[in-house]
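One letter stands for each residue in the lines below.
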Amino acid sequence: MRFVFKTRYDQDIDLAKDGVQQFWYAGLLVALLVAPLFLPDYWLAQLTFVLIYGIVAVGLMLLAGFTGQFSIGHAAFMGVGAYMEAFLAAKGWPLPLSLACAMGLSAAVGVVVGLPALRVKGMYLGIATLSFGFIVEEVFARWESVTGGNTGKPVVNAQLFGWTLDGAAPFYFVCLVCAVAATVMALNLLRSPTGRAFVAVRDSEISAQSMGIHLARYKSMSFAISAALAGLGGALYAHKLQFISPEQFSLVQSIDLLLMVVIGGLGSIHGAFLGAIFLIGMPQLISLGKDFLPPAIAQAAGLQGVIYGAILVAVVMLEPTGMYGRWVKVRTWLELYPFYRRGMFKRQKSFQKSERLK
Amino acid sequence: MLLLQIIVAGIAQGCVYGLIALGFVLIYKATETVNFAQGELMMLGAFCGLAGVTVLGLPLWAAGILAVVAMAVAGLVIERGIIRPVLGQPAFSIVMITFGLGYMARGLVTMIPGIGTDTHSLAAPYKGEVLNVGGLVLAAEQMVIIAATTLLCAGLFALFRYSRIGVAMQASSQNQLAAYYMGIPVQRLNGLVWALAAAVAAVAGVLLAPQTFVHANMGFIGLKAFPAAIVGGFSSLPGAIVGGLLIGLVEAFSGFYLPEGFKDVMPYVVVLVMLAVKPTGLFGGNARKKV
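Residues numbered from 1 in each chain as written. Chains lettered and ligands numbered in written order. Predicted model: local features only at pLDDT ≥ 70, side-chain atom pairs only at ≥ 80, totals over all residues.

Draft legend 1. Highlighting the overall build of chain A. A tally of regular secondary structure across chain A gives 15 helices and four strands. Radius of gyration (C-alpha) of chain A: 21 Å, near the 21 Å computed for a compact globule of 358 residues. Principal-axis analysis of the C-alpha atoms places the extent of chain A at approximately 60 × 50 × 50 Å. Taking all 358 residues of chain A together, 42% fall into the buried category. For chain A, restricting intrachain contacts to residue pairs at least 6 apart in sequence, the fraction spanning at least 24 positions comes to 76%. (Helix = DSSP H or I, 4+ residues; strand = E, 2+ residues; numbered from the N terminus. Rg over C-alpha atoms; globule rule 2.2 N^0.38 Å. Buried ≥ 20, exposed ≤ 12 C-beta atoms within 10 Å, placed from the backbone. Contact = placed C-beta atoms within 7 Å.)

Draft legend 2. Structural view of the nonpolar core. One finds Ala57(A), Leu232(A), Met260(A), Met71(B) and Ala198(B) to be the most contacted residues of the largest nonpolar core, which totals 204 residues. A per-element tally of this core places helix 8 (residues 186-208) of chain B first, with 17 residues. Residues within four places of Met71(B) in sequence aside, it is in contact with Leu41(B), Leu44(B), Gly45(B), Cys48(B), Ala198(B), Ala199(B), Ala201(B) and Ala202(B). (Core = buried A, V, L, I, M, F, W, Y, C linked by C-beta atoms within 7 Å.)

Draft legend 3. Main features of helix 7 (residues 168-190) of chain A. Given a rise of 1.5 Å per residue, 23 residues ought to cover 33 Å, and the 33 Å separating the end C-alpha atoms of helix 7 of chain A matches this to within 8%. Buried residues of helix 7 of chain A: Phe171(A), Tyr172(A), Val174(A), Cys175(A), Cys178(A), Ala179(A), Ala182(A) and Ala186(A), and no others. (Expected span 1.5 Å × (residues − 1).)

Draft legend 4. Spotlight on the pairing of strand 2 (residues 136-139) of chain B. Residues and elements named next belong to chain B. Both strand 1 (residues 130-133) and strand 2 contribute to a ladder of four bridges, which runs antiparallel. Looking at strand 2, one finds that Asn132 is bridged to Val137. Hairpin connection, strand 1 to strand 2: the antiparallel pair is bridged by two residues, and Gly134 has positive phi, about 55°. (Pairing = 2+ DSSP bridges.)

Draft legend 5. Here's a closer look at the packing of helix 5 (residues 122-142) of chain A against helix 11 (residues 262-277) of chain B. At a closest axis distance of 9 Å, the pairing of helix 5 of chain A and helix 11 of chain B adopts a crossing angle of 145°. Crossing angle aside, the handedness with which helix 5 of chain A passes helix 11 of chain B is left-handed. When helix 5 of chain A is examined against helix 11 of chain B, the residues Tyr124(A), Ile127(A), Ala128(A), Ser131(A), Phe132(A), Phe134(A), Ile135(A) and Glu138(A) are found in contact with a partner set consisting of Asp264(B), Val265(B), Tyr268(B), Val269(B), Val271(B), Leu272(B) and Leu275(B). Among the residues forming the contact of helix 5 of chain A with helix 11 of chain B, the class breakdown is 12 nonpolar, one polar and two charged. (Axes fitted to C-alpha atoms, helices over the stretch in contact; angles between N-to-C directions. Left-handed = near helix turned anticlockwise from the far one by under 90°. Nonpolar A, V, L, I, M, F, W, Y, C, P; charged D, E, K, R; others polar.)

Draft legend 6. View of the interface of chain A and chain B. Facing 43 residues of chain A, the contacting portion of chain B comprises 44 residues. At 12 residues, helix 5 of chain A tops the list of elements feeding residues into the side of chain A that touches chain B. Here the residues of the side of chain A that touches chain B sort into 30 nonpolar, eight polar and five charged.

Draft legend 7. How the structure looks around the confidence of the model for chain A. Per-residue confidence for chain A averages 87 on the pLDDT scale, and 96% of its residues sit at or above 70. Within chain A, helix 13 (residues 295-298) of chain A has the poorest average pLDDT of any element, 71, and helix 2 (residues 41-66) of chain A the best, 94. (pLDDT = per-residue confidence, 0-100.)

Draft legend 8. Geometry of the environment of Ala252(B). Residues and elements named next belong to chain B. Along the chain, Ala252 turns up in helix 10 (residues 237-257). Accessibility expressed as a C-beta count within 10 Å gives 22 for Ala252, which makes it buried. Along the chain, Ala252 and Met182 lie 70 residues apart, while their C-alpha atoms are 47 Å from each other. Beyond its immediate sequence surroundings of up to four residues, Ala252 is in contact with Ile6, Ala9, Gly10 and Gln13.

Draft legend 9. Looking closely at the environment of Pro279(B). Looking at where Pro279(B) falls in the secondary structure, it is placed in the segment after helix 11. Spatially, the C-alpha atom of Pro279(B) lies 26 Å from that of Ala204(B), the residues being 75 residues apart in sequence.

Draft legend 10. Expanded view of helix 10 (residues 215-241) of chain A. Its 27 residues place the ends of helix 10 of chain A 38 Å apart at the C-alpha level, agreeing with the 39 Å of an ideal helix rising 1.5 Å per residue. Taken from the residues just after helix 10 of chain A, Gln242(A) is the one with a positive phi, measuring 60°.

Draft legend 11. Expanded view of the confidence of the model for chain B. Confidence along chain B averages 85 in pLDDT terms, with 97% of residues attaining 70 or more. In the predicted assembly, ipTM is 0.85 and pTM is 0.89.

So this is what it looks like as structure tokens:
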């Protein structure tokens, strides 16, 4: 068992609780930095996708996990970022500038979409964002002069100060820098008054409002930041795939993004990356597992959907805090061994919060 | 004449949206959950009807009844096995479960070898026939949809107005706790509501099947029923039907008068406008929650 002996007030909000955590995070960073030396190209590409989806997931986590506003149209923000990036990269803009523009446009769109959030809550908001997602997808498909329509649009390689990022490794480092920056930004945000306000809005809008939190401002801000991160992820995604088309940013993608944060664990930044690993790793696991199944099942097209659906249902029913919640339990068991008690994480029976008039 | 014909086509399509929206509203009123798998329930219902016609060789009406019964049982099982244990968790978790159910339903159907990945047409005896009413050419399929929806709505109205179970359902949807104190078995009623919603979805599926095709992705039409439910007000049963008709008409008119592409988007534009102007919908009560 470890006790953190606090000698400064700042220790309460330190990013890493103690030296041991600092050691492990530094180790993770070093491992990610040297990964291109050891990993074959295929796995490096998968790792790049994990980082890209991780960025989007951090954004969605800020919105869904920390501000409590659910968006069922998040792929649309990704799409806005991706098309903006593809458009600007084709004009020869350098990467940092075009990424900033992609994020800016996504954030602006996010504020607009956040407008209904000021009036409606819960599922109404979900359906508003869902509708927005459909409209944006249709715009991508119809605005052919810019987006190339349903046939899709090829994306040129990223330019960085006269240097073309055409290999897997250089682009991996770009994604790594973006992912680390996004994570540190999110963590810093969450320990600032703004982040605390987000959490307050999530837990109870009424009490947040009565504590002087301007609901409209913080909800719009949350939508803007979340959309900007999704736009950044989308822009990197466009460069990585080198081809974008409207159906990559459809409802299915939006649901995948939600699946990612729910399975990773709502309300934790770790969960965002765990969810990204799940989303990228699961198809690999399924294709590995196919060897052990009878061919009639293994060859079926719907297998992946069934497995995703079953995992989603099982996670919500058995472990609502997701993969990160499970890890916290395992870690506590290890730390306290042999004093872990079964009731330690037992949730109090929560009664349904009703939005009805009583 | 053309105008009338567009209106009839829009109403027929709107009836299907309305029936699916009815399922959303039923479930939302009973359990405060939005069931995103409602379209998939409709798809399963259509496949049940298809199986009844092709495998068992039943006539369409018998296959329809079979589909409705099968889906009602499926609704009961889903409520008992999956939804009831998680009630009380945040609403969004339950929504994610219904997403998961939708994924599973779609995946399982496509896994049926040889059938699941194809599109099928459900042969109806009235398919392709037209009625000529004073120069107005009406497709029989559309008239059947409109007639069946009207009958179903009358039946549901009678159920909620006159039967004991229906009144109990109304009571528990207005105030669960008070209903529980009055001795209404709220949980069992919730199961019945899910069964009812699934049965209504099956009706929609069987009605829609002769007009379009039966395939694994036909459940996505359920997503157009959200605008219907919102426009009507998410907590009003007549609102769902009216919203469905409205969305169907909007779609039919924008498909005819506006450039290509607007047809699929207009329902969502309408819902965004509705949310901005009157979030509670046409028939929803204008109630604010008290602290």
